[in-house]
Amino acid sequence: MKRLLLLFIVAAWLPAAAQVSVSSLKVNHMTEPSGVVDAEPVLSWVVESPDRNVMQQAYEVRVYRDGRSVWRSGRVESDDCVTVAYGGEPLASGTRYEWQVRVWDDRGRVSKWSERSSWLTGMMTAGEWQAKWILPEEQTDASPMLRKEFSVSKPVASAVAYITSHGMYEASINGAKVGDAHYAPGWTSYDKRLQYQTYDVTDMLQKGANAFGLVLGRGWYLSLLGWSSGEHQIYAYDRMAALAQIVVTYRDGSREVIATDGTWRSSTGEIVHSTIYDGETIDARLIQHGWNTAGFDDGSWRGVTVADYPMDNLVSSDSEPVVTHEYRTPVEVITTPKGEKVLDFGQNMVGREIFTYKGRPGQEIVISHAEVLDEKGNFYTVNLRSAKAQSRYICSGGEDRFEPSFTFYGFRYLKVEGIEGDLDPEDFKAAVIFSDLAEAGSFSSSNEQVNQLQSNIQWGLRGNFLDIPTDCPQRDERLGWAGDAQVFFRTATFNRDVQSFFRKWLKDLAADQHADGQVTDIIPTIEGLVGAGRTGWADVATIVPWQHYMAYGDKRILENQYPSMKAWVDFMVGQCTEPYLWNTGWHYGDWLFYSVDNDTSGVSAVTYKPLIQQCFFANSADVTAKAAAVLGLDKEAAYYADVAAKAREAFCNAYLTPAGYLVSATQTAYVLALNFDMLPEAMRPVVAARLADKVREYGHITTGFLGTPYISHVLSEWGYTDLAYMLLLRQQYPGWLYPVTMGATTIWERWNSMMPDRTIPNNGMNSFNHYSYGAIGDWLYRDAVGLHETSAGFKTMAVKPHVGGGFTQMRAEHVTPYGRAAAEWRDAEGLFTLEVTIPVNTTAEIYVPSASADEVMLDGAAVAASKDASLEGYADGYTRVKVGSGTYRFEVKR
Ligand code: BGC
């Protein structure tokens, strides 16, 4: 009997114990990263449970090195699962650390130990490089190949490679590519910060003879960049060079380092030319088969030159590599009216083609890239400006497989020249390439056109998050334009995990920031090409760190960026000609705002630039104050809050009339004033009404880059959701759905990049893959579905739908730092439902649209009676309910 009872107790306990579990282990917010060099990397995990209202009560972390424990945190009473700092013995270089975690919840249940996850450290201290910079004895346009053989005579415990280059590199060991990254070492402000990558190559070594090979391309370091390219040598050195070492640790504890030095050999191969804008030429006749395997006869190769290039700019890479995400196949083979042979991939994308072909020896095939066809259906490349964007392939005579290594293209269409007869679509594939950013959200609705808009936004992100956030991926720019990144950042966070990606880019921002605090227009900057200190562009320095903190909840981003934030605000303060009124300097303003030619009646929506400046100035001071407060710098927080208050006062004195007009009566002016809290309390509804008038007067959006991210949000916040939907759903120019009706598969740079008759204005600046106007994505998640954070990192969140626009259903999911959150509303005849899923260890305020709290039901009963949710009140058409984790379906009978 006793035994039976025991069995019964165990059986009852077992499933309960399994009701809380741990997953998604990350280090520095990345899954199993390599090259971690922090003394205290940040550990995070997600707690899962099917139950409602579950919080983490405590955690325990264990870290191992070679099976030996190096840290046991013991049970720590804390609900932190996002920013737990490693606290064990000092980390060694090039070493894999394994770790696991278990948690207790607030019901006393304990999870199983998680699966083990790991990280690989980089070089923990300076001076571990034994490698020397090497360059081929002779450097031509062709991609250098560098090789070295070495032998492994004893059993290997581990082998770690550290590699970087001036230009791009692809490394191989014994004929196999090291890692799956493209375009390494990535793009940074090279003279100040040159990344090296760390790879675990233990399994790539073989007993006996081994070969280590490197191929180099010009890449960002040495290609001519910028629309007036040619004059700029951007970085310090004008030749491709490599720096690499493999540290082999044998089982007997001894070590050996194989490093670039004067003994390496050099040659060139099939890549005869390659630059970022113009593309790549590959001559398959020049392939040196087996060059990167042991035993290859490199007798005809030349030596290398050792250079004393600096090493003090080397930093370990700490963001996701650029990788191939998928391969796509052509959807149509077209012969254009001009007779061009064209392949249509059905989707504007970024990456490169893979072409498999058996041609005549020496046969040359030229593949050009375009985003669109013109109004007649011909291949259109005018908008690439000076970028040639062409692959030239020369056949060996055998079965060749061509894929460029050191360039990328923005394209939907390929034009193929040099093939007689019909094209075989089977010969072509397209690799979609961007940074390895995990999906972090989805949005879908009952409106198919809006779903296509969401798809276009996501493709805009894919195409322009290639190691740095770019303006566009195709023409002679592809640069890290600060304004564009600022405008799109929150939309990006809802769709992909861009945490490490932006942490890296912000370091380059700070590195390139001028001594006087001005932030450069593009990052990494190209001195001489662009300026600095432009309102709305330079404010990326304050806006993105703050929003990053709100999205991800790790205050290290503020610690890192705070000096840069301050420097930018201090610069603006110093530029004021009247106290706290910043009205000097040249600015882009509300870039690409609505304007008409021969504007006799003055409808172009020109916003006075100093008015814009003042809004961004106040906002930057404001978020700098908030950052200071988070960092515990109270005095500085008070100082910057005071700057913000004074800037707002100066704004009202200079630009606001007593009747609630602004000196520029534009949508952008009203939107910025409201969004950045520039106005006294009593004036806000008055100005909001002026904004609503402006929207009605035009019947469409008139904002450019700076007003666009906020207009819909401000409208729904002030009770004009109907107008926000009107803007969203407009199918004519200017409006978000106009490109969709024209068949767009990405976001266009201009509201009218293509005219209704499909003619394409040649205004020198017309990209079909420019994410800035995709900033509406933030509103779809945050306001339309209504899912948003109310404290840093979604520790607390809200779901507040804005129902309207004729939608009958809308759903958003977002992977918060605590796990997946979701919200879906359905508006059917007689019944409104709102279903939310809230991650463990967080709480949420749910705003259920309703006429009174009484009509809101949960689990088939009045919400007031629920034991799982607490009714907080009713106001402005919403019943407010507080919940913890779990899934809740609210119903309102109509
Ligand atoms: C880029 C933009 C950028 C702008 C600066 C353009 O050429 O493509 O998106 O922000 O210049 O105004």
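One can find the structure itself at the top, above this paragraph.
Residues numbered from 1 in each chain as written. Predicted model: local features only at pLDDT ≥ 70, side-chain atom pairs only at ≥ 80, totals over all residues. Heavy atoms only, no water.

Trainee: Just give me the short version of the overall build of the protein, but keep the residues and values in it.
Mentor: Per the secondary structure count, the protein includes 15 helices and 47 strands. For the protein, the C-alpha radius of gyration of 29 Å lies close to 29 Å, the compact-globule estimate for 894 residues. In terms of its C-alpha atoms, the protein occupies a principal-axis envelope of roughly 95 × 85 × 60 Å. A separation threshold of at least 6 residues defines the contact pool for the protein, and within that pool the share at least 24 residues apart is 74%. Roughly 32500 Å² of accessible area belongs to the protein as shown, and the carbon and sulfur atoms make up 49% of that amount. (Helix = DSSP H or I, 4+ residues; strand = E, 2+ residues; numbered from the N terminus. Rg over C-alpha atoms; globule rule 2.2 N^0.38 Å. Contact = heavy atoms within 4.5 Å. Areas by Shrake-Rupley, 256 points an atom, 1.4 Å probe, with all protein chains shown as cover.)

Trainee: Break down the site of the ligand for me, with residues and values.
Mentor: Around the ligand, a shell composed of D471, R475, E477, W481, D484, W537, Y588, W591, F705, E749, M765 and H770 is seen. In the environment of the ligand, an oxygen atom lies 2.6 Å from a nitrogen or oxygen atom belonging to the side chain of R475. Contact between the ligand and W537: an oxygen atom at 3.1 Å from a side-chain N or O atom of the residue. When the ligand sits alone it has 310 Å² of accessible area, and the protein chains cover 96% of it. Of the residues contributing to the shell around the ligand, the split by class is 6 nonpolar, 1 polar and 5 charged. (Near = heavy atom within 4 Å. Polar contact = N/O pair within 3.5 Å; in protein donor to acceptor, adjacent residues only side chain to side chain. Nonpolar A, V, L, I, M, F, W, Y, C, P; charged D, E, K, R; others polar.)

Trainee: Tell me about the packing of aromatic side chains, residues and numbers included.
Mentor: Tallied over the full model, the rule gives 64 aromatic pairs. The interplanar angle of 85° and the centroid separation of 6.5 Å between the aromatic rings of F494 and F794 together place this pair among those described as edge-to-face. Of the two residues, F494 is situated in helix 4 (residues 482-495) and F794 in the loop between strand 37 (787-789) and strand 38 (796-799); the sequence distance between them amounts to 300 residues. Residue classification places F794 among the buried residues on the basis of a relative accessible area of 1%. (Phe/Tyr/Trp six-rings, centres within 6.5 Å; stacked < 30°, edge-to-face > 60°. Buried < 20%, exposed > 50% of the residue type's maximum accessible area, 1.4 Å probe, protein only.)

Trainee: Before we move on, can you summarise the layout of surface pockets with the specific residues and values?
Mentor: Its volume calculated, the largest pocket comes out at about 1300 Å³. Together, 41 residues line the largest pocket, and N675, H713, E717, R782 and E789 are the ones closest to its centre. If you list the elements that add at least two residues to the lining of the largest pocket, you get helix 4, helix 6 (540-552), helix 8 (609-630), helix 10 (667-675), helix 12 (708-717), helix 15 (776-785) and strand 37. Partitioned by chemical class, the residues of the lining of the largest pocket number 15 nonpolar, 13 polar and 13 charged. (1 Å grid on protein atoms, 1.4 Å probe; cavity = no way out; pocket = protein on both sides within 12 Å on 5 of 7 lines; lining within 4 Å. Points joined across faces, edges and corners; volume = space filled by probe spheres on them.)

Trainee: Explain the nonpolar core to me, using residue names and the numbers behind them.
Mentor: Within the largest apolar cluster, 242 residues are counted, with the highest numbers of intra-cluster contacts made by F212 and F890. Other than its neighbours up to four places away in sequence, F890 contacts F832, T833, L834, V836, I846, V848, V856, M857, L858, V863, V881 and V883. Listed in part, the 27 residues of the second largest apolar core include V27, V36, W45 and V101. (Core = buried A, V, L, I, M, F, W, Y, C linked by side-chain atoms within 4.5 Å.)

Trainee: Now, about the sheet that holds strand 45 (residues 870-875): what can you tell me, with residues and values included?
Mentor: Sheets are built from strands paired through backbone hydrogen bonds, the pairs being either parallel or antiparallel. Spatial ordering of the open sheet is given by 37-38-42-46-45, a layout of 5 strands whose pairing is mixed. Both edges of this open sheet fall to strand 37 and strand 45, since each of them pairs with a single strand only. On average, adjacent strands in this sheet sit at an angle of 20° to one another, irrespective of strand direction. Bridge analysis of strand 45 against strand 46 (residues 878-883) gives 5 bridges, and the strand direction is antiparallel. Within strand 46, the position partnered with G873 by the bridge is R880. Packing against the sheet, helix 15 makes contact with strand 37 and strand 38, and its axis sits at approximately 100° to strand 37. (Pairing = 2+ DSSP bridges. Axes fitted to C-alpha atoms, helices over the stretch in contact; angles between N-to-C directions.)

Trainee: Mind laying out the state of the cysteines, listing which residues take part and the relevant values?
Mentor: This structure, assessed with the given rule, holds 0 disulfides. No disulfide involves C576; its nearest neighbouring cysteine sulfur is the one of C615, lying 13 Å away. What makes C576 buried here is its relative accessible area of 18%. (Disulfide = S-S within 2.5 Å.)

Trainee: Residues and numbers for the packing of helix 6 against helix 8, please.
Mentor: Packing of helix 6 against helix 8 brings their axes to within 9 Å, and their N-to-C directions diverge by 45°. The angle between helix 6 and helix 8 falls in the class oblique. Read as a crossing pair, helix 6 and helix 8 show a hand that is left-handed. Residues T542, I543, W546 and Y549 of helix 6 form the contact with helix 8, whose own contacting residues are F616, N619, S620, V623, T624, K626, A627 and V630. The class makeup of the residues in the contact of helix 6 with helix 8 is 7 nonpolar, 4 polar and 1 charged. (Parallel < 35°, antiparallel > 145°, perpendicular 65-115°, else oblique. Left-handed = near helix turned anticlockwise from the far one by under 90°.)

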